[in-house]
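# Notes for the structure review
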Amino acid sequence: MAMSGLLKPAAREGGEDEVIVPIVACGKGNTPMRDFVTEGDRDLVLEILEPGTHLEHLYLVSSAILRKVSPYFRVLLDPEKFHEGISFDVKLNSLLKEHGDLRAIAPADLPRIRLTDCGPIPKKSKLMDAMTLFLWILHNPDRPYRIPGMHGLALVAIIADRFDTVGVIAGYIIRMHWREELFNWNPCGDWGMKHEVETRQLLLAALLLKIEPRKFRGHTANLITKGSEKWKTDKARKGNADALWWNLPCNLEGGLHVETTSDLYR
């Protein structure tokens, strides 16, 4: 089954490749599980609930890769530190003794860990798509695929910040030939809500991933000179009031608002 939503292949000569994430039917209810480890050892299932729902998503991953790229997972999966790491180690060793090889173990039987906090993802965003893209990059860091749009970029940046993989995700983006197009995006036409949201999402991603695009100052200048709907009315916050891009971190939100207010009195 093809991955939907956030993942779009980068353009190449002769067309575009399609990203395929195999889907494994898991358990009695045939719950779909996305398998990111087509080669190598997949030995762990991540369980993640969609924000504000009881909808569960399953991801088949490599604990070795997660440990390698993320200090968060390195600690979480440590068999001497946390319950998750202890239970993972005990169950996996038991399964290996029984089956002898990881590939002989059914995905439904592999150890599971539930992640209850993937960062401040807005409730109306699709966490499944964002996590799919995030885990795809971790397991395929050399595959040149495009992150389509500011919304997807912002969500992946939030998740990377939560799981301490900022360097990996930022490095992936910096290596991609489409990075200039993405980070030096400039809104066309009249400034409106769509332009403000995308500008905010870009600024958030740049802050969280510690990537400063050449036109970073130009993007902040747009908010200062044109003003923000958030500062004028509650209209901007309807529907996604919990989105982090409506309250930019690192004191940027307050600084922009102060600059805008100061301009009014000059």
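Fair warning: this is a prediction, and the values are worked out from it, not measured in the lab. (Residues numbered from 1 in each chain as written. Predicted model: local features only at pLDDT ≥ 70, side-chain atom pairs only at ≥ 80, totals over all residues. Heavy atoms only, no water.)

A few words now on helix α6 (residues 166-175). Within α6, burial applies to V166, I169, A170, G171, Y172 and I173. Tucked inside the fold, the buried residues of α6 contact α4 (127-139), β7 (145-146), α5 (149-162), α7 (179-183) and α8 (193-209). (Buried < 20%, exposed > 50% of the residue type's maximum accessible area, 1.4 Å probe, protein only. Helix = DSSP H or I, 4+ residues; strand = E, 2+ residues; numbered from the N terminus. Contact = heavy atoms within 4.5 Å.)

Moving on to α4. With 13 residues, α4 extends 18 Å from end C-alpha to end C-alpha; this agrees with the ideal 18 Å at 1.5 Å per step. With respect to burial, α4 is a largely interior element, 13 of its 13 residues being buried. (Expected span 1.5 Å × (residues − 1).)

The next subject is the nonpolar core. The tendency in soluble globular proteins is for nonpolar side chains to be buried side by side. Of all hydrophobic cores here, the largest spans 73 residues; its most connected members are M131, L135, L153 and L209. If you tally residues by element for this core, the top one is α4, at ten residues. In this structure, L153 is in contact with I147, I173, L182, F183, L202, A205 and L209, ignoring residues within four places of it in sequence. (Core = buried A, V, L, I, M, F, W, Y, C linked by side-chain atoms within 4.5 Å.)

Going through the model one piece at a time under the given rule, you end up with five aromatic pairs. A centroid spacing of 5.0 Å and a plane angle of 70 degrees characterise the contact between Y72 and F163, whose relative ring orientation is edge-to-face. Of the two residues, Y72 sits in helix α2 (residues 71-76) while F163 sits in the loop between α5 and α6, which places them 91 residues apart along the sequence. Of the residues examined, F163 reaches a relative accessible area of 0% and is grouped as buried. Taking 6.2 Å as the distance between ring centres and 35 degrees as the angle between the ring planes, the aromatic pair formed by F134 and F163 counts as tilted. One end of the pair, F134, is in helix α4; the other, F163, is in the loop between α5 and α6, and 29 residues separate them in sequence. When its relative accessible area of 0% is taken as the criterion, F134 is described as buried. (Phe/Tyr/Trp six-rings, centres within 6.5 Å; stacked < 30°, edge-to-face > 60°.)

Our next topic: the pattern of salt bridges. Evaluated as defined, the whole model comprises six salt bridges. Salt-bridge contacts for E47 lead to R112; the nearest nitrogen and oxygen are separated by 3.1 Å. Note that E47 is positioned in strand β4 (residues 44-49) and R112 in strand β6 (residues 112-115), a separation of 65 residues in sequence. Classification of E47 as buried rests on a relative accessible area of 12%. R114 serves as the salt-bridge partner of E47, at 3.5 Å between the closest nitrogen and oxygen. Taken together, the residues E47 in strand β4 and R114 in strand β6 connect sequence positions 67 residues apart. What makes R114 partly exposed here is its relative accessible area of 41%. (Salt bridge = Lys/Arg side-chain N within 4 Å of Asp/Glu carboxyl O.)

Attention now moves to the layout of surface pockets. By volume, the largest pocket is sized at about 160 Å³. At the level of secondary structure, the elements contributing two or more residues to the lining of the largest pocket comprise α5 and α7. (1 Å grid on protein atoms, 1.4 Å probe; cavity = no way out; pocket = protein on both sides within 12 Å on 5 of 7 lines; lining within 4 Å. Points joined across faces, edges and corners; volume = space filled by probe spheres on them.)

Moving on: the environment of S87. Within the secondary structure layout, S87 lies in helix α3 (residues 83-99). In the structure, S87 is positioned ten residues away from L77 in sequence and 9.0 Å away in space, judged by C-alpha atoms. Within the structure, the side chain of S87 is placed 3.1 Å from the backbone oxygen of E84, a separation counted as a polar contact. (Polar contact = N/O pair within 3.5 Å; in protein donor to acceptor, adjacent residues only side chain to side chain.)

A separate point is unusual backbone geometry. For D164, which is not a glycine, the phi torsion comes out positive at approximately 60 degrees. Inspection of the secondary structure assignment puts D164 in the loop between α5 and α6. Residue K210 is not a glycine yet carries a positive backbone phi of 60 degrees. With respect to the helices, strands and loops of the structure, K210 is situated in the loop between α8 and α9 (216-226). We classify K210 as exposed; its relative accessible area is 68%.

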